[in-house]
Amino acid sequence: VQLQASGGGLVQAGGSLRLSCVASGGAFSTLSMGWFRQAPGKERELAAAISWSGGNTYYADSVRGRFTISRDRAKDTVYLQMNSLNPEDTAVYYCAAMSYDSGSYYYIRSYNYWGRGTLVTVSS
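Not measured: the values here are computed from a predicted model.

### Some points on the state of the cysteines
- What the rule picks out here adds up to one disulfide.
- Between Cys 21 and Cys 95 runs a disulfide, and the two sulfur atoms are separated by 2.1 Å. On the sign convention where negative means left-handed, the S-S torsion of about -80° between Cys 21 and Cys 95 marks this disulfide as left-handed. Here Cys 21, found in strand 3 (residues 17-24), pairs with Cys 95, found in strand 9 (residues 91-98); they are 74 residues apart in sequence, far enough to count as distant. Judged on exposure class, the residue Cys 21 and its partner Cys 95 are both buried.

Written as structure tokens, this is what we have:
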């Protein structure tokens, strides 16, 4: 499975961005997906995840209510809509997929496929 993330960029505080991640080479409908982020000098952490069915979503406390994860089966794509961005959201955002749904969406090792990442910079 290959994952290609896009949509990062520079945005002012309070603004919005939508990240996209296109999956290829595998059965997208069977993959649970996550968006992780890594800020400079910090560990990679889950921002949001969505189950393979799309029926369950999970968010970090820091983004809940501002970010929305969704998936489009017809396009083999998962999205991360980010609203009310603040400078603390500045990070490289990575798309990830788990081929076996362990139920441990927040655990980085649950994911066995990773995209290259897209940089989001929020200016104050």
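### Re the nonpolar core
- Within the largest apolar cluster, 29 residues are counted, with the highest numbers of intra-cluster contacts made by Met 33, Trp 35, Leu 80, Met 82 and Tyr 93.
- Elements supplying a minimum of two residues to this core: strand 1 (2-6), strand 3, strand 4 (32-38), strand 5 (45-50), strand 7 (67-72), strand 8 (77-82), strand 9 and strand 11 (118-123).
- Sequence-distant contacts of Tyr 93, that is, excluding residues within four places in its chain, are made with Leu 19, Trp 35, Phe 36, Arg 37, Phe 67, Leu 80, Met 82, Gly 117, Thr 118 and Val 120.
- Listed in part, the seven residues of the second largest apolar core include Phe 36, Leu 46, Ala 49 and Ala 96.

Rules behind the numbers
Along each chain, numbering runs from 1 in the same order as the chain's sequence is written. Since the coordinates come from a predicted model, pLDDT governs what is reported: local features require at least 70, and pairs of side-chain atoms require 80 or more to be given and counted, while whole-chain, interface and lining totals use all residues. Side-chain numbers here rest on the full set of heavy atoms in the structure, without hydrogens or water. The disulfide criterion is simple: two cysteine sulfur atoms within 2.5 Å. In this text, helices come from DSSP runs of H or I with a minimum length of four residues, and strands from runs of E with a minimum of two, each type numbered from the N-terminal end. Note on classification: 1.4 Å probe, protein chains only; a residue is buried when its accessible area is under 20% of the maximum for its type, exposed when over 50%, partly exposed between these limits. Take the buried residues of types Ala, Val, Leu, Ile, Met, Phe, Trp, Tyr and Cys, join any two whose side-chain atoms come within 4.5 Å, and each joined set is a nonpolar core. What makes two residues a contact is simply this: any of their non-hydrogen atoms within 4.5 Å.

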